[in-house]
Number of protein chains: 4
Amino acid sequence: MNTAPAAGRRGRPRSEAARRAILEAAAQLMLEAGPGEVSMDAVAERAGVSKATIYRWWPSKERLALDALYETWAEVQRPVPDTGSLHGDLLALIRPWVRLLASRPFGRVMAALLAAVQSDQEFAEEYRERFVEPRRDQARDIFARAIARGEIPADTEMEVALDLLYGPVYHRLLHGHQPLNDAFVRALVDGVVAAVGAG
Amino acid sequence: MNTAPAAGRRGRPRSEAARRAILEAAAQLMLEAGPGEVSMDAVAERAGVSKATIYRWWPSKERLALDALYETWAEVQRPVPDTGSLHGDLLALIRPWVRLLASRPFGRVMAALLAAVQSDQEFAEEYRERFVEPRRDQARDIFARAIARGEIPADTEMEVALDLLYGPVYHRLLHGHQPLNDAFVRALVDGVVAAVGAG
Amino acid sequence: MNTAPAAGRRGRPRSEAARRAILEAAAQLMLEAGPGEVSMDAVAERAGVSKATIYRWWPSKERLALDALYETWAEVQRPVPDTGSLHGDLLALIRPWVRLLASRPFGRVMAALLAAVQSDQEFAEEYRERFVEPRRDQARDIFARAIARGEIPADTEMEVALDLLYGPVYHRLLHGHQPLNDAFVRALVDGVVAAVGAG
Amino acid sequence: MNTAPAAGRRGRPRSEAARRAILEAAAQLMLEAGPGEVSMDAVAERAGVSKATIYRWWPSKERLALDALYETWAEVQRPVPDTGSLHGDLLALIRPWVRLLASRPFGRVMAALLAAVQSDQEFAEEYRERFVEPRRDQARDIFARAIARGEIPADTEMEVALDLLYGPVYHRLLHGHQPLNDAFVRALVDGVVAAVGAG
DNA sequence: CGGTAATCGAGACGGTACGTCATGTCTTACA
DNA sequence: TGTAAGACATGACGTACCGTCTCGATTACCG
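This one's a predicted model, so the numbers in the text were calculated from it and none came from an experiment.

Points about the overall build of chain A
Point 1. In terms of regular secondary structure, chain A is built from 9 helices and 0 strands.
Point 2. Taken from N to C terminus, the helices and strands of chain A fall in the order α-α-α-α-α-α-α-α-α.
Point 3. Principal-axis analysis of the C-alpha atoms gives chain A an extent of 60 × 40 × 30 Å.
Point 4. The burial tally for chain A puts 52% of its 199 residues in the buried class.
Point 5. In chain A, the proportion of contacts linking residues at least 24 apart, taken out of those at least 6 apart, comes to 68%.
Point 6. About 9,000 Å² of surface is accessible on chain A, with carbon and sulfur atoms providing 49% of the total.
Point 7. Across chain A, 25 positive and 27 negative side-chain charges occur, with their mean positions spaced 7 Å apart.

Quick word on the protein's contact with DNA strand F
Point 1. Of all residues adjacent to DNA strand F, which total 44 residues, the nearest are Arg56 of chain A, Tyr55 of chain B, Tyr55 of chain C together with Gly11 and Ser50 of chain D.
Point 2. What you see for DNA strand F is that sugar and phosphate hold 62% of its atoms within 4 Å of the protein.
Point 3. Ser15 of chain A places a polar main-chain atom, nitrogen or oxygen, 2.7 Å from a phosphate oxygen of DNA strand F.
Point 4. At 2.7 Å from a phosphate oxygen of DNA strand F is found a main-chain nitrogen or oxygen belonging to Met40 of chain C.
Point 5. Listing elements by their share of the surface near DNA strand F, those giving two or more residues are helix H3 (51–57) of chain A, helix H2 (40–47) and helix H3 (51–57) of chain B, helix H2 (40–47) and helix H3 (51–57) of chain C together with helix H3 (51–57) of chain D.

Overview of the relation of the copies chain D and chain C
Point 1. Between chain D and chain C, the superposition needs a rotation of 179° and an axial shift of 0.1 Å, giving an RMSD of 0.2 Å. This pairing of chains is accounted for by a two-fold axis.
Point 2. Here 100% of the contact residues of chain D are again contact residues in chain C; the copies associate through an equivalent surface.

Overview of the interface of chain B and chain A
Point 1. Across the boundary between the two partners, chain B contributes 36 residues, which contact 37 residues of chain A.
Point 2. When chain B packs against chain A, close to 2,900 Å² is buried across both sides, 67% of that on carbon and sulfur atoms.
Point 3. Area buried by chain B at its contact with chain A is led by Gln118, His171 and His175 of chain B, which between them contribute 21% of it.
Point 4. At the surface where chain B touches chain A, the tally comes to 2 salt bridges.
Point 5. Here Asp163 of chain B and Arg172 of chain A are joined by a salt bridge, their closest N and O atoms 2.4 Å apart.
Point 6. Here chain B and chain A share 16 residue pairs in polar contact (both at pLDDT 80 or more) between them.
Point 7. Contributing elements (two or more residues each) for the side of chain B that touches chain A: helix H6 (106–119), helix H7 (121–149), helix H8 (158–175) and helix H9 (182–195) of chain B.
Point 8. With 13 residues, the single largest contributor to the side of chain B that touches chain A is H8 of chain B.

Section: the protein's contact with DNA strand E
Point 1. Within the structure, DNA strand E sits among 41 residues, and Met40 of chain A, Gly11 and Trp57 of chain B, Thr53 of chain C together with Tyr55 of chain D are positioned closest to it.
Point 2. Across the atoms of DNA strand E situated within 4 Å of the protein, the share located in sugar and phosphate is 62%.
Point 3. Lys61 of chain A is positioned such that a nitrogen or oxygen atom in its side chain is 3.3 Å from a phosphate oxygen of DNA strand E.
Point 4. In this structure, a base oxygen belonging to DNA strand E sits 2.9 Å away from a side-chain N or O atom of Lys51 of chain D.
Point 5. Mapped onto the surface near DNA strand E, the elements with two or more residues apiece are helix H2 (40–47) and H3 of chain A, H3 of chain B, H3 of chain C together with helix H2 (40–47) and H3 of chain D.
Point 6. Sort the elements by how many residues they give to the surface near DNA strand E and H3 of chain B lands first, with 4 residues.
Point 7. Here the surface near DNA strand E is built from residues that sort into 12 nonpolar, 13 polar and 16 charged.

Points about the interface of chain D and chain C
Point 1. Contact residues are listed per partner, giving 36 residues for chain D and 37 residues for chain C.
Point 2. In total, about 2,900 Å² of surface goes out of reach between chain D and chain C, with carbon and sulfur atoms giving 67% of it.
Point 3. Our enumeration of links across chain D and chain C arrives at 2 salt bridges.
Point 4. The tally of links from chain D across to chain C stands at 16 residue pairs in polar contact (both at pLDDT 80 or more).
Point 5. Sorting the residues of the side of chain D that touches chain C by element identifies helix H6 (106–119), helix H7 (121–149), helix H8 (158–175) and helix H9 (182–195) of chain D as the ones contributing at least two each.
Point 6. Considering every element that reaches the side of chain D that touches chain C, the biggest residue donor is H8 of chain D, with 13 residues.
Point 7. Across the side of chain D that touches chain C, the residue classes tally to 19 nonpolar, 9 polar and 8 charged.

Thoughts on the environment of Leu165 of chain D
Residues and elements named next belong to chain D.
Point 1. As for its position among the elements, Leu165 is in helix H8.
Point 2. Classification of Leu165 as buried rests on a relative accessible area of 0%.
Point 3. The spatial distance from the C-alpha of Leu165 to the C-alpha of Arg136 is 9.4 Å, given a sequence separation of 29 residues.
Point 4. Discounting residues that sit within four places of it in the chain, Leu165 has contacts with Leu90, Leu93, Ile94, Ala139, Leu188 and Val192.

A word on helix H1 (residues 16–33) of chain A
Residue and element names in this part refer to chain A.
Point 1. With 18 residues, H1 ought to run about 26 Å at 1.5 Å a step, and its terminal C-alpha atoms sit 26 Å apart, in line with that.
Point 2. If you check which residues of H1 are buried, you get Ala18, Arg19, Ile22, Leu23, Ala25, Ala26, Ala27, Leu29, Met30 and Leu31.
Point 3. In the core, the buried residues of H1 are packed alongside H2, H3, helix H4 (61–74) and helix H6 (106–119).
Point 4. Following H1 by one or two positions, Gly34 has its phi on the positive side, about 90°.

Quick look at the environment of Ala195 of chain D
Point 1. Position of Ala195 of chain D among the secondary structure elements: in helix H9.
Point 2. According to the relative accessible area criterion, Ala195 of chain D is buried, its value standing at 16%.
Point 3. Expressed as a C-alpha distance, the spacing of Ala195 of chain D and Pro13 of chain D, which sit 182 residues apart in the sequence, is 54 Å.
Point 4. Sequence-distant contacts of Ala195 of chain D, defined by excluding residues within four places in its chain, comprise Gly191, Ala194 and Ala195 of chain C together with Leu164 of chain D.

A closer look at the packing of aromatic side chains
Residues and elements named next belong to chain C.
Point 1. What the rule picks out here adds up to 20 aromatic pairs over all chains.
Point 2. A centroid spacing of 6.4 Å and a plane angle of 20° characterise the contact between Phe123 and Tyr127, whose relative ring orientation is stacked. In this pair, Phe123 and Tyr127 both sit in helix H7 (residues 121–149), 4 residues apart, roughly one turn of the helix.
Point 3. Judged by its relative accessible area of 1%, Phe123 is buried.
Point 4. Given the relative accessible area of 0%, Tyr127 is considered buried.
Point 5. A cation over an aromatic ring shows up here: Arg14 above the ring of Trp57, its NZ or CZ 4.0 Å from the ring centre.
Point 6. In this arrangement the basic side chain of Arg130 is found over the ring face of Tyr70, its NZ or CZ atom lying 4.1 Å from the centre.

Rules used throughout
Residues numbered from 1 in each chain as written. Chains lettered and ligands numbered in written order. Predicted model: local features only at pLDDT ≥ 70, side-chain atom pairs only at ≥ 80, totals over all residues. Heavy atoms only, no water. Helix = DSSP H or I, 4+ residues; strand = E, 2+ residues; numbered from the N terminus. Buried < 20%, exposed > 50% of the residue type's maximum accessible area, 1.4 Å probe, protein only. Contact = heavy atoms within 4.5 Å. Areas by Shrake-Rupley, 256 points an atom, 1.4 Å probe, with all protein chains shown as cover. Lys, Arg positive; Asp, Glu negative; His and termini not counted. Charge placed at Lys NZ, Arg CZ, Asp CG, Glu CD. Near = heavy atom within 4 Å. Polar contact = N/O pair within 3.5 Å; in protein donor to acceptor, adjacent residues only side chain to side chain. Least-squares fit on C-alpha atoms with pLDDT ≥ 70 in both. Buried area = accessible area lost by both parts, 1.4 Å probe. Salt bridge = Lys/Arg side-chain N within 4 Å of Asp/Glu carboxyl O. Nonpolar A, V, L, I, M, F, W, Y, C, P; charged D, E, K, R; others polar. Expected span 1.5 Å × (residues − 1). Phe/Tyr/Trp six-rings, centres within 6.5 Å; stacked < 30°, edge-to-face > 60°. Lys NZ or Arg CZ within 6 Å of the ring centre and 35° of its normal.

See the structure below:
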């Protein structure tokens, strides 16, 4: 996506202004109107860009959405401070992320991306690589520190622990059956800590 | 959807054959090709029915998918046996359901339904009422029995416990980052049991 | 159309109220909204009647229009007085008819009927039998009286004379390029009288 | 209709091939099956063109029919030779036109256009401008020459004379009560010439 | 007077076409 | 070569009407 700045060398260089305008237009439309209401025509018009230009750099609406969302999303992908305890680390990791999720209608965009994940293998991989694994890696580091500290057993089922942490968040985000608030975060972290045996 | 069998009494009664044909065609197409590839025209043709008849009873493709999926889904909504322990009960609840989920491409349909949930309030409620809450109720009963038995504290954060149980399953179903198998189910149930303090 | 009151004898007799309601509803809708806007569903609803009842007695929308229009139309099909001259007779025949045509949006209905005439042989015959020939017969009588009087030659090309009389009226009604008023009627009758040689 | 070739200059130019294919397909279908049997889908398929392309340039089936018919129709709109007499001129004008009308099922298309004329003011004007007035202009020239020659009075009621000429032709075309043949043309022209006083 | 039969209202049904919309490709002219 | 403009083929959308069909409820007549 939006990768090579200009394949070879000759010819007019890629317009950076167009690239930014497209991503901004897409992000705005996604979050304002929801992904269902966003068409490539609409993005092109809002960005003052031709459709051909979009398709030259992004192969589909979903790939565009991926890029458009990435910066906002990445905002909370910074390294997590070491608070000295598993409980503190997880709280420091999850709370700001959940606050971001609750602050804007990310559910709509997430669901649209997940729909694309189901039927596009290549997209699925890029999605996981950029949105899922980085966050799991952060939590993996935290659990590894807890093992090093002796807080939790060394044979902890890491992948399941990660699912216990992130699964409930996505669940509430997507299903909306219960609120995404700080109380939920506290109880969730309590549960995860207990689950991995750091009573 | 598909509810009112014939408001008053007069007029030609609704064709039960058409209703069944539509639901079957929809279910088949959804699970074979994925909801993105299914058009109302295709459902109508496969069911030997006119589009108008579909739209008379279902306002959208998603509402139709909801109904079409319901029967298959409901197959594992039977009452859960009392095994005598929280661990055994949860295993008896979750294992057959996860096996069903893993047996067919439900992820695609689920993601499509979730996309609709994000932008249709009414749909969201019906979705939760028919797909989410019945399963949560089953687990609520199990946790209530465990409290009665004294296995877990009476002040257990029930809703979060339910999310710890179901969130990871949906997470793996939708993101596909890890398999949905029996080993996962065992580890998940172990984790949940530990989380609610029935060490 | 609407013919046999009840084929044999047994059974519930045809509802005269329904028949009248249908014809009135059709006539109103035709002349108010134009035939293009009239649907059988609309006629049925306006008449408080079921579609099946309409189709039992009229095979098509056009046949219904034919009947619906007939009474209004027939209003000026009364016998023409003998004024003693060809000119006076034609004026007495044409003027009231043109006034009727100009008084309401008959053009729309006529054009719709003519469209049906082009593609339905049977309809064409009934249309001519009930709408065209009776008026031509009236004019034929007038020309015959003029021949008897010695006003015009006995070998007058009668059919062409009838077309010279009626053609211009339909022409203005349907094309709307010039008004349908009394001045037109006078000039038309003058022209026809001159054409058949009664200078 | 089909007018603006490309507003400014930029952008892909209109496909002339598509334009011609659409008009030809429409003309063929109209005259073969009659306008009632022609659907936009059928025109699109026959022309190998998308429906959207048709609707981009023509707002309705009738406007398309107008254009589709125009070229065939225009074939006899060539200037009329001066034969030296009103009778000869009118014959030279009317005979080839009536032969064209009689040669193909124009009645169906005409009736459909007239139906549109009744309910679309804008269409009515374009119809008259392109189909009615050019022919009337030809006849107007002929009558003017006859006046210049002293064949007919200078105060001849021109518009009525034109209706006496064309009205009967349309009448027979649309009602089909009498044939459109050369004998009719001769008698018609005789009648018109007599009517305007060139006995 | 009870049975038979044609009618009626309501309204669901299989079709067919409608006119619109979004996708992704393309063809120009300009930069 | 990259771009804005915008026309294009494709194909689904949701709606509207058509003419047919089942219902249950109403009348008549006829035995």
